[in-house]
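This is what each chain is made of:
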Amino acid sequence: MTPLDRELSQERTYHQACRAALAGMVEGADERVVTGENAFASGADAEVLGYQLRSWAKELRQEPQSPLFFGRLDFDDGGASGDHAGQRYYIGRRRISEHPSAPPLVVDWRAPVSRTFYQAGTRDPLGVAVRRRFGWAPGSLGAPEDLTGLEDERLGAPAGGGVDGTGEAGGTGEAGATGEAGGTGEAAGGVGGILAAEIERPRVGPMRDIAATIQPEQDDLVRSELGQSLCVQGAPGTGKTAVGLHRAAYLLYTYPQRIQRGGLLVLGPNRTFLHYIGQVLPALGEIDIRQSTVDDEVARGPVRAVDDEAAAVVKHDARMARVLRRALYARVDDPAGRYEAVEVPDGSYRWRVSGGELARIVEEVRAEAPPYAVGRERVRSRAARVIQLEAERRAGPMNNTWLQRISRARPLSAFVDAAWPKVTPEEVLAALFTDPDTLAAAADGELGAEEQKRLLWSRVPRSYKSAKWSAADQVLLDELAGLIERPQGYGHIVVDEAQDLSPMQCRAVARRSGFGSLTVLGDLAQGTTPWAARDWPRHLAHLGKPDAPVIPLTTGFRVPEAIVALANGLLGALGVAVPPSRSLRRDGELAVRRVQDVRAALVESVRAALDREGSVGVIARDADVPELRAALAAAGVATAEPDDLTARARVTVLPATVAKGLEYDHVVAVEPAAIAEAEERGLHRLYVVLTRAVSRLEVLHSEPLPPALR
Ligand SMILES: Nc1ncnc2c1ncn2[C@@H]1O[C@H](COP(=O)(O)OP(=O)(O)OP(=O)(O)O)[C@@H](O)[C@H]1O
């Protein structure tokens, strides 16, 4: 037996002990559900406790199986180790212990001590003598024989924890050899074999967590504190999505109470993307985080109309916020001394508030600018208060019941309804889109005549209730709803692909995070909507966090260097300033082929790709997708829809507009010029398409390439 075999065997035994302890935890949690519900005198307490125990038990049971640890830290005995001197910790996706108060067999990757695992380096070992990474077979559920490799880095003073057989580095702190971890060494320059193997593994199915291999600069972002909003500008494949999801899991772990009060929301660009990332948080033990799109968050009903781009551009413009505010407050009757006095009968007496007094109240409340619905009630209560003071002057103290009755008295309610009427967002927006004068009054000084025309309905619905709203209208309705009543906010929101949000969509996010913080993830170069951000400061201001720092991520984990170089050819033409990035991957293959018959070439390419491991993504102009699918089907190649993430569906044909955020081992990009010409920001779209490849990119074209790619 070699020293490596001996070590592996010991670690497998340790893993089995962890597995047994975990089984005990699941059993214990189930038991506590049963006993916990009966143990309390108060039904409410039992209810709360029962709920917590049930969700803990459910969480444990639902957790996908995977290896229980991926790393180990041996601290040295010196002063730098502090409380951890001489200690050994295993790091995994969740804490495992034989008993709640016993020292953990495995420490959660989010625990403070685990930070050292990600941050320790030769320059600053942070008291760590040896950092060990475990190499598990790809897709392993944690069977002992799947532990196939170890990789030790000796960072600090030797502590006898390293395996000589695997630690080639001999105290230099460089990554050691990897046993059988399957690292291809060469490929991912400058990183250890196990990390290299993880980055280069063929992709199948949904996105995976990266808890085992988070890099120091990513870890800084993941662990920044809850109150800190931040914006990550990162080139394709630099791990923005991964960072955002791990940050969500970290925040829930570290600030459970503060987050649970408001909740945590992850926003992605579309449902296909949400589907793709949907397994990451459950794998990290978090099953209760809301994952949604901005469109779904703001939807007050189904989207039943489609705007032409010119109308959508106006609707998404920041100026609409002022137009809507004006339209809403135009409903408040202009007091200007025109009010009649209100008389409220009360038994034998009629109390009176003069028109002048009412005008003063309305004026005053307007100036305070509360949410519209609050303003309405404020007017009511202040008018009632005037009556109360008058009554008390004459007849002594009045009680609350009396005050309530006065506030709800019909004449006073009639005044409030007339002066500060109840409104719905739908009604206000419908009036704006129906009546040119109403619109002109609200849009004066904000929108030009031509812009106003684009907003007006060509066919006016019979009533606002039967109006068909577009996706952009839903955002405007949400803005109005937010002016009427402040929505409940989240404790934290992670916004992915944030560059694509319009100013009005940003405001919808801002409304939901007024007291919370944001993690904003994006890449200006990948902005494809007509209203995409061109710089971060302005965008962050719309998001309500103008002071959030913009932090670049520049190391790419997906796209191999040669493919990055091709895509970077487009950057100059995209009109945005983004920091250059470098790829960790030196491997990868790129082929740009001009062909006569694109369909025939595609069939041939896909067949060849299927001879190798991993997923195949065929990406084309949206309009061309059906015909390409048909061509592949005719050749006997089965293809899947983008949402199908089963391992069986190896070939996906997807429209260019759905590709954002996704990745495939082998990408065939069909007819780049057609993709670039299909839309206003077609070159940005092409940049997204070309950066989806993990291992190989083939570009097939019969038309000339866009000039920036030649
Ligand atoms: N530290 C890491 N270790 C291993 N894999 C990583 C690491 N960071 C990122 N990756 C992998 O790199 C790929 C790209 O990551 P991700 O999708 O998060 O990037 P992105 O910046 O959001 O890309 P895009 O802008 O193209 O959407 C994913 O497969 C991810 O798992």
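Values in this document were obtained by computation on a predicted structure and should not be read as measured data. (Residues numbered from 1 in each chain as written. Predicted model: local features only at pLDDT ≥ 70, side-chain atom pairs only at ≥ 80, totals over all residues.)

Engineer: Got a minute to help me understand the pairing of strand β2 (residues 88-92) in this structure?
Structural biologist: Taken residue by residue, a regular strand's side chains alternate between the two faces of the sheet. With 4 of its 5 residues buried, β2 lies for the most part within the structure. In this sheet, β2 lies alongside strand β1 (residues 71-75) in antiparallel orientation, the contact comprising 4 bridges. When the sheet's bridge partners are listed, arginine 72 is paired in β2 with tyrosine 90. (Buried ≥ 20, exposed ≤ 12 C-beta atoms within 10 Å, placed from the backbone. Helix = DSSP H or I, 4+ residues; strand = E, 2+ residues; numbered from the N terminus. Pairing = 2+ DSSP bridges.)

Engineer: In this structure, what is going on with the site of the ligand? I would like to understand it.
Structural biologist: Taken together, 22 residues sit near the ligand, with Thr213, Gly239, Lys240, Thr241 and Phe557 positioned nearest. Residue contributions to the shell around the ligand peak at 3 residues, all from helix α6 (residues 240-254). Considering only residue class, the shell around the ligand consists of 6 nonpolar, 11 polar and 5 charged. (Near = placed C-beta within 6 Å. Nonpolar A, V, L, I, M, F, W, Y, C, P; charged D, E, K, R; others polar.)

Engineer: Hey, could you run me through the nonpolar core in this one?
Structural biologist: Grouped burial of nonpolar side chains is what soluble globular proteins tend to show. Formed by 152 residues in total, the largest nonpolar core has its most connected members in Ala248, Val618, Ile619 and Val670. Residue contributions to this core peak at 8 residues, all from α6. In contact with isoleucine 619, not counting residues within four places along its chain, are Leu654, Ala656, Ala659, Val667, Ala669, Val670, Val689 and Arg692. One finds Ile361, Val365, Ile406 and Phe415 within the second-largest nonpolar core, a separate group that totals 19 residues. (Core = buried A, V, L, I, M, F, W, Y, C linked by C-beta atoms within 7 Å. Contact = placed C-beta atoms within 7 Å.)

Engineer: Mind showing me how you'd approach the packing of helix α24 (residues 598-610) against helix α25 (residues 625-634) here?
Structural biologist: Between α24 and α25, the shortest axis-to-axis distance is 10 Å and the interhelical angle comes to 60 degrees. With respect to each other, α24 and α25 are oriented oblique. Here α24 runs over α25; the crossing is right-handed. The residues of α25 that touch α24, namely those facing Arg599, Leu602, Val603 and Val606, are Leu628, Ala631 and Leu632. In terms of residue class, the contact of α24 with α25 is made up of 6 nonpolar, no polar and 1 charged. (Axes fitted to C-alpha atoms, helices over the stretch in contact; angles between N-to-C directions. Parallel < 35°, antiparallel > 145°, perpendicular 65-115°, else oblique. Left-handed = near helix turned anticlockwise from the far one by under 90°.)

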